[in-house]
Amino acid sequence: MSETRESRFENRDKRRKANLVLNILIGIVLVLIVVVASSLMMNSPKEQAQQDASKNDSEQTTEAPASDNKKQTSDEDVKDEDKGKSDSADKEDSDSDSDKDKDSVSDEDKSTSDDPFEGAEVKEGGSSANVEKTIINPDWKPVGTQQSGQHTATYDSSSQDWKEMLEAISYATGVSQDNMTLIWLGNNGSPQDAKGTIQAKDTGVKYQVAITWVDGKGWKPTKVEQLK
């Protein structure tokens, strides 16, 4: 009887120990499960944050070229605007030059013509008895000028004003300057009016030419008288 009881106690003690070990193991497993689950839950927001940060960096990298394109487009617009201004300025200069060409006689018009008085009004006689005929051409234009500022007629044979007076006389009569003998050139009653008398070397014909100054455009013929 005594041995049987001891045997039973030993068996119970072994079962309790086995159950205790099993419970401990189960507890450890449960703790490990809780730890792992907690770790996963804690790491998940970090990974999400990292993914979000990576996504933002990717979006910024993608949008950067758009900003560069915008800047490039803006630069091109500025260039186009500058080009437009430049083209407009060139057009204005061209129009200005064109207006000057219209208002002033060209070098071709200044050259000698077979009939320099074609289209002009020609009348017999003139301002004095030695005038054979008077020629007035409404199409005469100023010959142009290299002078600037306020103009004052200068009767000095070495001056630019004198040179331009002879150009106007040559233009009005059709007598080139190398075929011209200047007889007289002087004032014609006002500071901006002049008169000159010349003779063509090849024909011997004499002309008396009245010219007037046009501001910024030069001397313009107003009347030619062919002398007897």
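If you're wondering where the values come from, they're calculated on a predicted model, not measured in any experiment.

(A) Spatial organisation of the overall build of the chain. Scanning the chain from terminus to terminus reveals three helices and six strands. Tracing the chain from N to C terminus, the helices and strands come up as α-α-β-β-α-β-β-β-β. By residue count, 23% of the 228 residues in the chain fall in the buried class. Within the chain, residue pairs in contact and separated by at least 24 positions form 47% of the contacts whose partners lie at least 6 positions apart. A total of about 16200 Å² of accessible surface is found on the chain, and carbon and sulfur atoms cover 49% of it.

(B) Highlighting a nonpolar patch on the surface. A contiguous nonpolar surface patch, about 560 Å² in accessible area, is contributed by Leu20, Val21, Ile24, Leu25, Ile28 and Leu32. With respect to the secondary-structure elements, valine 21 resides in helix H1 (residues 2-103). Owing to a relative accessible area of 47%, valine 21 belongs among the partly exposed residues under this scheme.

(C) Inspection of the pattern of salt bridges at higher detail. Overall, the coordinates contain one salt bridge when judged by the stated rule. Here glutamate 225 and lysine 223 are joined by a salt bridge, their closest N and O atoms 3.8 Å apart. Judged by its relative accessible area of 2%, glutamate 225 falls in the buried class. Judged by its relative accessible area of 29%, lysine 223 falls in the partly exposed class.

(D) The arrangement of the sheet that holds strand E5 (residues 206-214) in detail. Within the open sheet, the six strands sit side by side as E1-E2-E6-E5-E4-E3. Their pairing is antiparallel. Among the strands making up the open sheet, the edge pair consists of strand E1 (121-124) and strand E3 (180-187). Averaged over all pairs of adjacent strands, the angle between strand axes in this sheet comes to 25 degrees, irrespective of strand direction. In terms of strand pairing, E3 meets strand E4 (residues 193-200) through seven bridges, oriented antiparallel. Bridge pairing links tryptophan 184 to threonine 197 in E4.

(E) Summary view of the packing of aromatic side chains. Tallied over the full model, the rule gives two aromatic pairs. A ring pair is formed by tryptophan 213 and tryptophan 219, whose centres lie 5.6 Å apart and whose planes are at 75 degrees; its orientation type is edge-to-face. Here tryptophan 213 and tryptophan 219 have matching classes, each one buried.

(F) Highlighting the side chain of asparagine 137. Turning to its location among the elements, asparagine 137 is positioned in the loop between strand E2 (131-136) and helix H3 (160-173). By relative accessible area, asparagine 137 is classed as buried at 10%. Of note is the side chain of asparagine 137, whose polar atom sits 2.9 Å from the backbone nitrogen of aspartate 139. If near-sequence neighbours (up to four positions away) are discounted, asparagine 137 is found in contact with Glu118, Gly119 and Ala120.

(G) Region of the structure containing H3. In a regular helix each residue adds 1.5 Å, so 14 residues correspond to 20 Å; H3 covers 20 Å between its end C-alpha atoms and thus fits that length. For H3, the buried fraction is high: 12 of the 14 residues fall into the buried class. Within two residues after H3, glycine 174 carries a phi angle of roughly 80 degrees, on the positive side.

(H) View of the side chain of threonine 212. Summarising the element assignment, threonine 212 is placed in strand E5. Of the polar contacts made by the side chain of threonine 212, one reaches the backbone oxygen of glutamine 192; its length is 3.5 Å. At 2.9 Å, the side chain of threonine 212 and the side chain of aspartate 193 are in polar contact.

(I) Quick peek at the environment of leucine 185. Along the chain, leucine 185 falls in strand E3. Taking the C-alpha atoms as reference, leucine 185 lies 9.9 Å from aspartate 156; in sequence the two are 29 residues apart. Among all residues touching leucine 185, those that are not within four sequence positions of it are Tyr155, Trp162, Met165, Leu166, Ile169, Lys195 and Gly196.

(J) Inspection of the environment of threonine 212 at higher detail. With relative accessibility at 19%, the residue threonine 212 sits in the buried group. If sequence neighbours within four positions are ignored, threonine 212 has contacts with Gln192, Asp193, Gly218, Trp219, Lys220 and Thr222.

(K) Examining the nonpolar core more closely. In this structure, Met165, Tyr207, Val209, Ile211, Trp219 and Val224 are the most contacted members of the largest nonpolar core, which totals 25 residues. Elements supplying a minimum of two residues to this core: H3, E3, E4, E5 and strand E6 (218-227). Broken down by element, this core gets its largest block of residues, seven residues, from H3. Excluding its chain neighbours within four sequence positions, the residues that come into contact with tyrosine 207 are Phe117, Thr173, Val175, Gly196, Thr197, Ile198, Val224, Glu225 and Gln226.

What counts, and at which threshold
Residues numbered from 1 in each chain as written. Predicted model: local features only at pLDDT ≥ 70, side-chain atom pairs only at ≥ 80, totals over all residues. Heavy atoms only, no water. Helix = DSSP H or I, 4+ residues; strand = E, 2+ residues; numbered from the N terminus. Buried < 20%, exposed > 50% of the residue type's maximum accessible area, 1.4 Å probe, protein only. Contact = heavy atoms within 4.5 Å. Areas by Shrake-Rupley, 256 points an atom, 1.4 Å probe, with all protein chains shown as cover. Patch = residues over 30% accessible without salt bridge, like charges linked within 9 Å, V, L, I, M, F, W, Y side chains within 5 Å. Salt bridge = Lys/Arg side-chain N within 4 Å of Asp/Glu carboxyl O. Pairing = 2+ DSSP bridges. Axes fitted to C-alpha atoms, helices over the stretch in contact; angles between N-to-C directions. Phe/Tyr/Trp six-rings, centres within 6.5 Å; stacked < 30°, edge-to-face > 60°. Polar contact = N/O pair within 3.5 Å; in protein donor to acceptor, adjacent residues only side chain to side chain. Expected span 1.5 Å × (residues − 1). Core = buried A, V, L, I, M, F, W, Y, C linked by side-chain atoms within 4.5 Å.

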